[in-house]
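Understanding the architecture of this molecule
Letter by letter, the chains look like this.
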Amino acid sequence: MNAAELAYAKLNLTLEVGEKRPDGYHDLVSIMTCAGLHDTVTVEETGRGDILVTCDEAALPCDESNLAWRAADSFFRALGKPCPGVSIRLEKVIPMQAGLGGGSADAAAVLRALRRLYAPEMPWIQLEEVGALLGSDVPFCVRGGTARCEGRGEKMESLPDMPECWYVIVKPQEAHPTGAMYAAIDAARPARRHTTQQMTEALRKGDLTQMADNFYNTFESVLPQESEIPAIREELLRSGALGAMMSGSGSAVFGIFAEKETAQEACERLKGRWNRTFLAESV
Ligand code: C5P
């Protein structure tokens, strides 16, 4: 018995980081969407009673600290049944430490696969709640598509799908630990733009140009001096992107394109300088 699921990267089209709450998390408002860049997650029953994670990416620990492992553990706890034993195979494509939610997407894919195998009657809302225990982006990754996310990220309202478009996603060497990036916002208290409402309207109209005009991410206000993000954004815009922005706390940057050919050419050009550059279609 096995089930394979695609784990899509998430992009933050807007990310307005608000105040720090008493629980240490920050209130945020964000529109997230899935991009067609994905890992593949395969879950198989072993009958051995434990959870085994394997991965084709040596840098990723496969022990209990892996979010995919914890997803399986949390799923069977929520179900109230002992784990019959599962092996989870992660085939990674989404770069790590990128703000693309790779770990969250893998965890969500594990939850979806286990639901399919062991609890097809489980309400999706319950699966999203299990996801929320694992990380702020996991509920969105369980649901997929495009959604407005609030609170820590767990309060979601689905929005219309993206109009057909292409993303060029660039992952530079630099890494921005998420907790430290939130702390930098607390220290700097940057002025914030509120573009989520305009982005929602643009999505409803399917207007890519209006969407690109409303890209916003508070984390871009607290980038380190030496960051390559501004240079990548410039290069994407010079290569024909309608808009470009960092996703999450980074360090990946995405540009949005209306034409596939322009996106392909931009992808080739940027690959020359940043070898981890990817082309992905809207989902
Ligand atoms: O929930 P997740 O594990 O993805 O969050 C990683 C870290 O990012 C948290 O420990 C917290 O410091 C910070 N965070 C936050 N506010 C959020 C989401 C994450 O402060 N809404």
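Quick look at the structure, then. (Residues numbered from 1 in each chain as written. Predicted model: local features only at pLDDT ≥ 70, side-chain atom pairs only at ≥ 80, totals over all residues. Heavy atoms only, no water.)

**Section: the packing of aromatic side chains**
Inspection of the entire model under this criterion finds five aromatic pairs. Ring centres of Phe75 and Phe76 lie 5.2 Å apart, and the angle between their planes is 90 degrees; on these two criteria the pair is classed as edge-to-face. With respect to class, Phe75 is no different from Phe76; both count as buried. Between Phe215 and Phe254, the aromatic rings sit 5.3 Å apart at their centres with planes inclined by 65 degrees, giving edge-to-face as the arrangement. With Phe215 in the loop between helix H7 (208-213) and strand E8 (216-217) and Phe254 in strand E10 (residues 253-257), this pair connects stretches of sequence that are 39 residues apart. An identical accessibility class is assigned to Phe215 and Phe254; each is buried. By way of ring pairs, the aromatic residues Phe75, Phe76 and Tyr118 are connected into one cluster. Note that Arg115 overlies the ring of Trp124, its terminal NZ or CZ placed 4.1 Å from the centroid. Over the ring of Tyr25 we find Arg152, and its NZ or CZ is 4.0 Å from the ring centre. (Phe/Tyr/Trp six-rings, centres within 6.5 Å; stacked < 30°, edge-to-face > 60°. Buried < 20%, exposed > 50% of the residue type's maximum accessible area, 1.4 Å probe, protein only. Helix = DSSP H or I, 4+ residues; strand = E, 2+ residues; numbered from the N terminus. Lys NZ or Arg CZ within 6 Å of the ring centre and 35° of its normal.)

**With respect to the side chain of Asn66**
Inspection of the secondary structure assignment puts Asn66 in the loop between strand E3 (51-55) and helix H1 (67-79). From its side chain, Asn66 meets the backbone nitrogen of Ala68 in a polar contact 2.8 Å long. Excluding its chain neighbours within four sequence positions, the residues that come into contact with Asn66 are Val53, Leu60, Pro61 and Leu90. (Polar contact = N/O pair within 3.5 Å; in protein donor to acceptor, adjacent residues only side chain to side chain. Contact = heavy atoms within 4.5 Å.)

**Notes on the layout of surface pockets**
If you roll a probe as big as a water molecule over the atoms, it shows you where there is empty space left. Put simply, the largest pocket is a space of about 1100 Å³. Residue lining of the largest pocket: 47 residues in total, with Gly101, Ser104, Asp137, Thr178 and Ser249 positioned closest to the centre. Counting residues per element, the ones that place at least two in the lining of the largest pocket are strand E1 (2-20), strand E2 (26-45), H1, helix H2 (102-118) and helix H5 (178-188). Looking at which element gives the most residues to the lining of the largest pocket, the answer is H5, with five residues. Taken together, the residues of the lining of the largest pocket sort by class into 19 nonpolar, 20 polar and eight charged. (1 Å grid on protein atoms, 1.4 Å probe; cavity = no way out; pocket = protein on both sides within 12 Å on 5 of 7 lines; lining within 4 Å. Points joined across faces, edges and corners; volume = space filled by probe spheres on them. Nonpolar A, V, L, I, M, F, W, Y, C, P; charged D, E, K, R; others polar.)

**A short note on the packing of H1 against helix H3 (residues 124-134)**
Put simply, H1 and H3 touch, their axes get as near as 10 Å, and they point 135 degrees apart. In terms of orientation, H1 and H3 fall into the oblique class. Crossing angle aside, the handedness with which H1 passes H3 is right-handed. From H1, Leu67, Arg70, Ala71, Ser74, Phe75 and Ala78 reach across to H3, where they touch Gln126, Leu127, Val130 and Leu134. Here the contact of H1 with H3 is composed, by residue class, of seven nonpolar, two polar and one charged. (Axes fitted to C-alpha atoms, helices over the stretch in contact; angles between N-to-C directions. Parallel < 35°, antiparallel > 145°, perpendicular 65-115°, else oblique. Left-handed = near helix turned anticlockwise from the far one by under 90°.)

**Looking at the site of the ligand**
Taken together, Gly24, Tyr25, His26, Leu28, Gly135, Ser136, Arg152, Thr178, Gly179 and Tyr182 make up the full set of residues near the ligand. A distance of 2.6 Å separates an oxygen atom of the ligand from a polar side-chain atom of His26. Within the side chain of Arg152, an N or O atom sits 3.4 Å from an oxygen atom of the ligand. For the shell around the ligand, the secondary-structure elements that each account for two or more residues are E2 and H5. The element contributing the most residues to the shell around the ligand is H5, with three residues. (Near = heavy atom within 4 Å.)

**Here's the deal with helix H6 (residues 196-205)**
Of all the residues in H6, the buried ones are Thr196, Met199, Thr200, Ala202 and Leu203. Seen from one end, H6 has its buried residues packed into an arc of 165 degrees, which puts them on one side. Turned more than 90 degrees away from the buried face of H6, the exposed residues are Arg204 and Lys205. In this fold, the buried residues of H6 make contact with E1, E2, strand E5 (146-151), strand E6 (155-159) and H7. In the stretch just after H6, Gly206 is the one whose phi turns positive, near 70 degrees. (Arc of directions from axis to C-beta.)

**Structural notes on the nonpolar core**
Counting residues in hydrophobic clusters, the biggest one holds 70 residues, and the most contacted among them are Phe75, Ile88, Leu111, Leu114, Met162, Tyr167 and Ile169. Here this core gets ten residues from one element, more than from any other, and that element is H2. Not counting residues up to four positions away in its chain, the partners in contact with Tyr167 are Leu11, Thr33, Ala35, Met162, Phe254, Gly255, Ile256, Phe278, Leu279, Ala280, Glu281 and Ser282. Judged by nonpolar contacts, the second largest core, of 25 residues, contains Leu28, Leu236, Ala263 and Leu270. (Core = buried A, V, L, I, M, F, W, Y, C linked by side-chain atoms within 4.5 Å.)

Everything listed is a geometric property; what it means functionally is a separate question.
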